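Summary of the model geometry
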2 protein chains.
Amino acid sequence: MLNWDTIFASRSSRMRASEIRELLKLLDRPDIISFAGGIPDPALFPDQEFKQAYADIFAGAAVNSALQYSVSEGYKPLREWLVRQMADLGISCELDNVFIVSGSQQGLDYLGKLFLSPNDTALVTWPTYLGALQAFNAYEPAYDQLTPGGNRTPESYRAAAAAAGGKVKFAYLSADFSNPTGETVDLAGRKQVLALAEELDVAVIEDAAYQSLRYDGEPIPPILALEIAEKGNINDTRTIYCGSFSKTLAPGLRVGFIVANAPVIRKLVLMKQAADLHSSTINQMAIADVAERGFDAQVAKIKAAYSHRRNCMLAALEKYMPKGTSWTKPEGGMFIWITLPKGMDGAKLLAKSLETAKVAFVPGKAFFADGSGANTFRVSFSCANQQMIEDGVGRLGKLIKDEIGV
Amino acid sequence: MLNWDTIFASRSSRMRASEIRELLKLLDRPDIISFAGGIPDPALFPDQEFKQAYADIFAGAAVNSALQYSVSEGYKPLREWLVRQMADLGISCELDNVFIVSGSQQGLDYLGKLFLSPNDTALVTWPTYLGALQAFNAYEPAYDQLTPGGNRTPESYRAAAAAAGGKVKFAYLSADFSNPTGETVDLAGRKQVLALAEELDVAVIEDAAYQSLRYDGEPIPPILALEIAEKGNINDTRTIYCGSFSKTLAPGLRVGFIVANAPVIRKLVLMKQAADLHSSTINQMAIADVAERGFDAQVAKIKAAYSHRRNCMLAALEKYMPKGTSWTKPEGGMFIWITLPKGMDGAKLLAKSLETAKVAFVPGKAFFADGSGANTFRVSFSCANQQMIEDGVGRLGKLIKDEIGV
């Protein structure tokens, strides 16, 4: 019998099970209140709109093209809708700047594949989106800490990357309501990331998965919009904007997008052609139809629900969390990030919580490329109602109080 | 402005535009008779069945899960259907041997990613499926020629792979009605590929995209079935079977599958989790429903239509092709492979044909990993009716006659 480890590529050694995915299984246990998932509330899906969209496809002349192979860059009317949508964000672009992917996770995988040779360095925040680390890991990079607004010099990044055996290739960050912290990078921080990338002459990957979900505070322009304003043309920019319909319309269709300068888009289209030909034709058509008919109304509906849940959770944290703990106050998104006293361990707390408090969350360590962050964890409010939040945070607060011994 | 070439990974230099894809654009020119595409005839899509499947999803309790994130290994009822389907082919397997991908092209990409470190060797036939070369190229392999039934020794493969800077990792082939030649590997050839893989201790990747489309002749067991018969258990096998619904039901949904031993499937599931989370939930549900209700009837319908077209094309080739040309006589699939006299060039012939004969086809060179095969080309009969075939092959035959000067 073949010993597979002897013929797997070296990159496969970094493919490991995802803590988040394993934890999703807990959602099925009825005695557990789960704040672990980062998934949208299915009760808010625009299911009637999708029902109509699919029915219309099968009622019309488009049915044959919906079921057929299509071009790798994506369905043109969807890309046209995105060109208009991006303009509203200050991202002035043309059709050849827009590329459809099978969810923005695929966008991250493709960008890792496009830029990273083994031992090249990706700059990521500590913590960062776990799925980005998983996507990039397949290309065997080193990581260094991106600190928007921080004081690391370009030289220190260059020296660390050379010591790791490669070059810095990009800075990856989520500027709005990031997964896992829910935090926003302010205007100054965005400009500093751009300036750093400029000095290092590398790309910026802007993960905008939660960008539409702002509940209060003033919108801050996307990094790509800031750079277009500065350079005058998207084709002169270094920022690559990754967006998603998973948090606004529905994740099950696997439709996301990348907006960037045309040379990078052209390369990504070739990559997709070789990797999976194109994203589902029929789903791109359905997304285009639902977006066209009522994207803003759908986003307004979600924002009303999620902002209420965020408010409930922030109030419950205030009420139940013991002294010594702290947490973020997100202006949008799905997540709050909790920091325990130094020395405490989120993973151990989870094990105990599942036994006694019966509350699930995601320990923070997996979100840190350097393996730090043991005393942190992530909670999501997107699928929780007021009662669940009150009960769950109450039980969790009591457990932490007992653990700290206050 | 960033010079992107300075920060692209080395693998990106092998990502080039596909001749086939560029040629697909010709399908839109009404004056051209195209035998170039390798796409299914949309008139044969089971559109009413898909219409019903999507309507049923939205009518029932499954709608929320259809629009939601789902597990990376794929939709369970579809995997269960595949377990039953595989049993009919002599592939006895369990649920954990079946993995859903976004089209079998994605399966090839993942297998390249799983096995190939730069300079490792992939054994492929001369010619082979162009899309496989494109998928594997991203992982920077060397290629060596797989000759099912040929007389190369394992030692010569090992030595060539070592000289290229790596190891042989797998043998890739399509055993039934392959793209581009339409040919079938006979039972002895299949056993010889298995024996070679055994001696080299590497994997076999069996691309079964056209497996269902046999029009005449006796079915030959898949390589994986032969190996299971020999070893007694799929989990002791080295053959990885890649299947597709694109040629039988519809390609636009992007649903394919891999059937293999559990350790390889587990690794692929982790890879998919990091690369695009999962294939479209709603499309997997629709495919499962349509397959469950009438896969065999749909395949019978397609086979009746395509076998007639194949007969027409073989008859037209016999009638119009000049002496000195030869072609394959496929028992299934979508393709016939034509060999011109030595010294002729399929690409130059295409350029002339588009001007004068107004017939499109795919020059053969791109299907050869070593850049040979200039005097070959591929025609597809899947989307052509009798009149188109008669006219197109007639015009092409006349052009070739003029070129040869007979």
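Keep in mind that what you see is a predicted model, and the values were worked out from it rather than measured. (Residues numbered from 1 in each chain as written. Chains lettered and ligands numbered in written order. Predicted model: local features only at pLDDT ≥ 70, side-chain atom pairs only at ≥ 80, totals over all residues. Heavy atoms only, no water.)

Our next topic: the overall build of chain A. Assigned secondary structure in chain A consists of 13 helices and 13 strands. The C-alpha atoms of chain A give 21 Å as radius of gyration, which agrees with the globular expectation for 406 residues (22 Å, within 12%). The dimensions of chain A, computed from C-alpha atoms along their principal axes, are 65 × 60 × 55 Å. For chain A, the residues scored as buried account for 63% of the 406 residues in total. Pairs at least 24 residues apart make up 75% of the contacts formed inside chain A by residues separated by at least 6 positions. For chain A, the exposed surface amounts to about 14300 Å²; the carbon and sulfur share of it is 51%. Placing the 42 positive and 45 negative side-chain charges of chain A at their respective mean positions leaves the two points 4 Å apart. (Helix = DSSP H or I, 4+ residues; strand = E, 2+ residues; numbered from the N terminus. Rg over C-alpha atoms; globule rule 2.2 N^0.38 Å. Buried < 20%, exposed > 50% of the residue type's maximum accessible area, 1.4 Å probe, protein only. Contact = heavy atoms within 4.5 Å. Areas by Shrake-Rupley, 256 points an atom, 1.4 Å probe, with all protein chains shown as cover. Lys, Arg positive; Asp, Glu negative; His and termini not counted. Charge placed at Lys NZ, Arg CZ, Asp CG, Glu CD.)

It is worth spelling out the packing of helix H5 (residues 104-115) of chain B against helix H10 (residues 262-275) of chain B at this point. Residues and elements named next belong to chain B. Two numbers describe how H5 lies on H10: the axes approach to 10 Å, and their chain directions differ by 105°. By the angle between their directions, the pair H5 and H10 is classed as roughly perpendicular. Side by side, H5 and H10 meet where Gln106, Tyr110, Leu111, Lys113 and Leu114 of the first sit next to Val264, Lys267, Leu268, Met271, Lys272 and Ala275 of the second. Looking at the contact of H5 with H10, its residues break down into 7 nonpolar, 1 polar and 3 charged. (Axes fitted to C-alpha atoms, helices over the stretch in contact; angles between N-to-C directions. Parallel < 35°, antiparallel > 145°, perpendicular 65-115°, else oblique. Nonpolar A, V, L, I, M, F, W, Y, C, P; charged D, E, K, R; others polar.)

Attention now moves to the side chain of Thr125(A). All names here are of chain A. Counting through the fold element by element, threonine 125 comes out in the loop between strand E3 (121-124) and helix H6 (130-137). A relative accessible area of 19% places threonine 125 in the buried class. In this structure the side chain of threonine 125 is engaged in a polar contact, spanning 2.7 Å, whose partner is the backbone oxygen of proline 127. When sequence neighbours within four positions are dropped, the list of residues in contact with threonine 125 reads Leu146, Pro148, Tyr172 and Leu173. (Polar contact = N/O pair within 3.5 Å; in protein donor to acceptor, adjacent residues only side chain to side chain.)

Attention now goes to the environment of Lys401(A). Tracing the chain through its elements places Lys401(A) in helix H13 (residues 386-404). Beyond its immediate stretch of four places on either side in the chain, Lys401(A) contacts Tyr320(A), Pro322(A) and Val406(A).

This next bit is on unusual backbone geometry. The bulk of non-glycine residues show a negative phi, and the bulk of peptide bonds are trans. Across the junction of Asn179(A) and Pro180(A), the peptide omega takes the value 20°, indicating a cis bond. In this model, Trp126(B) is joined to Pro127(B) through a cis peptide bond whose omega is 0°. In this structure, Pro127(B) sits in the loop between strand E3 (121-124) and helix H6 (130-137). Non-glycine residue Phe177(A) carries a positive phi angle of around 55°. Judged by its relative accessible area of 1%, Phe177(A) falls in the buried class.

So, on to the interface of chain B and chain A. The interface of chain B with chain A comprises 82 residues on the first partner and 82 residues on the second. In total, chain B and chain A occlude about 7000 Å² of area from one another, counting both sides; carbon and sulfur atoms represent 59% of this. Applying the counting criterion to the chain B and chain A interface returns 2 salt bridges. With its nearest N and O atoms 3.0 Å apart, the salt bridge here joins Asp109(A) to Lys113(B). For the interface between chain B and chain A, the tally reads 40 residue pairs in polar contact (both at pLDDT 80 or more). Contributing elements (two or more residues each) for the side of chain B that touches chain A: helix H2 (47-59), helix H3 (63-67), H5, H6, H10 and helix H11 (281-320) of chain B. Sorting elements by how many residues they give to the side of chain B that touches chain A places H10(B) first, with 8 residues. Residue composition of the side of chain B that touches chain A, by class: 40 nonpolar, 26 polar and 16 charged. (Buried area = accessible area lost by both parts, 1.4 Å probe. Salt bridge = Lys/Arg side-chain N within 4 Å of Asp/Glu carboxyl O.)

Attention now goes to the state of the cysteines. Tallied over the entire structure, the rule returns 0 disulfides over all chains. The closest cysteine sulfur to the non-disulfide-bonded Cys93(A) is located on Cys242(A), 14 Å from its own sulfur. (Disulfide = S-S within 2.5 Å.)

This next bit is on the packing of aromatic side chains. Inspection of every chain in the model, using the stated rule, returns 31 aromatic pairs over all chains. Members of the aromatic cluster, connected to one another through ring pairs, are Trp4(A), Phe8(A), Phe115(B), Phe136(B), Phe170(B) and Tyr172(B). Sitting over the ring of Tyr157(A), Arg152(A) keeps its end group 4.1 Å from the ring centre. (Phe/Tyr/Trp six-rings, centres within 6.5 Å; stacked < 30°, edge-to-face > 60°. Lys NZ or Arg CZ within 6 Å of the ring centre and 35° of its normal.)

Time to look at the sheet that holds strand E6 (residues 203-207) of chain B. All names here are of chain B. Read from one edge of the open sheet, 7 strands run E2-E8-E7-E6-E5-E3-E4, paired in mixed fashion. Each edge of the open sheet carries a strand with a single partner, namely strand E2 (98-101) and strand E4 (142-145). Sheet twist, expressed as the average angle between the axes of neighbouring strands with direction ignored, equals 25°. As paired elements, E6 and strand E7 (residues 239-244) share 4 bridges and run parallel to each other. Looking at E7, one finds that aspartate 207 is bridged to cysteine 242. (Pairing = 2+ DSSP bridges.)

A word on the nonpolar core. The nonpolar side chains of a soluble globular protein tend to be buried, and buried together. Membership of the largest hydrophobic core comes to 124 residues, with the highest contact counts inside it found for Phe115(A), Ile258(A), Phe115(B) and Ile258(B). Of all hydrophobic cores here, the second largest spans 80 residues; its members include Ile91(A), Cys93(A), Ala208(A) and Ile100(B). (Core = buried A, V, L, I, M, F, W, Y, C linked by side-chain atoms within 4.5 Å.)

Residues lying three or four places apart along an α-helix face the same way, a consequence of the helix completing one turn every 3.6 residues. Here H2(B) spans 18 Å end to end across 13 residues, near enough to the 18 Å set by a 1.5 Å rise per residue. Taken as a whole, H2(B) has its buried residues at Phe50(B), Ala53(B), Tyr54(B), Ile57(B) and Phe58(B). Axial view of H2(B): buried residues confined to an arc of 130°, hence all on one face. Those residues of H2(B) that are buried are in contact with helix H2 (47-59), helix H3 (63-67) and helix H11 (281-320) of chain A together with H3 and H11 of chain B. (Expected span 1.5 Å × (residues − 1). Arc of directions from axis to C-beta.)

This part covers the pattern of salt bridges. Residues and elements named next belong to chain A. Counted by the stated rule, this structure contains 43 salt bridges over all chains. Ionic pairing is found between aspartate 144 and arginine 152, a salt bridge with its closest N-O pair at 2.6 Å. When the shortest N-O distance is used, the salt bridge between arginine 238 and glutamate 198 registers 3.4 Å. Pair noted here: arginine 238 is in the loop between helix H9 (223-231) and strand E7 (239-244) and glutamate 198 is in helix H8 (residues 187-200), with a separation of 40 residues, a long-range link. With relative accessibility at 3%, the residue arginine 238 sits in the buried group. Glutamate 198 sits in the partly exposed class, given a relative accessible area of 32%. Because the salt bridges share partners, they merge into one network encompassing Glu198, Asp201, Glu227, Lys231 and Arg238.

All names here are of chain B. The alternating pattern of E2 places Val98 and Ile100 on one face and Phe99 and Val101 on the opposite face, and all of these are buried. Relative to strand E8 (residues 256-259), E2 runs antiparallel, the two sharing 4 bridges. Bridging across to E8, valine 98 finds its partner in valine 259.

Residues and elements named next belong to chain B. Tracing the backbone through its elements, the reader meets arginine 310 in helix H11. Of note is the side chain of arginine 310, whose polar atom sits 2.9 Å from the backbone oxygen of proline 330. Beyond its immediate sequence surroundings of up to four residues, arginine 310 is in contact with Tyr215, Asp216, Pro330, Glu331, Gly332 and Phe381.

For the pair chain B and chain A, the best superposition has an RMSD of 0.0 Å and corresponds to a rotation of 180° with a translation of 0.0 Å parallel to the axis. Expressed as a symmetry operation, the mapping of one chain copy onto the other fits a two-fold axis. Taken together, the interface assignments show that 100% of the residues at the interface of chain B recur at the interface of chain A, consistent with an identical surface on both copies. (Least-squares fit on C-alpha atoms with pLDDT ≥ 70 in both.)

Per the UniProt record, "domain: Aminotransferase class I/classII large" (unreviewed entry) is annotated on residues 46-395 of chain A. The distance from the first to the last C-alpha atom of residues 46-395 of chain A is 33 Å, and the span holds 45% helix and 14% strand. (UniProt positions renumbered as here; feature names shortened; annotations may be inferred.)

Residues and elements named next belong to chain A. The mixed open sheet is built from 7 strands, whose spatial order is E2-E8-E7-E6-E5-E3-E4. Among the strands making up the open sheet, the edge pair consists of strand E2 (98-101) and strand E4 (142-145). Within this sheet the neighbouring strands show an average axis-to-axis angle of 25°, counted without direction. Relative to strand E5 (residues 168-173), E3 runs parallel, the two sharing 4 bridges. For threonine 121, the partnering residue across the bridge sits in E5 and is valine 168. Sheet contacts for helix H7 (residues 154-164): E3, E4 and E5; angle to E4, the most-contacted strand, approximately 160°.

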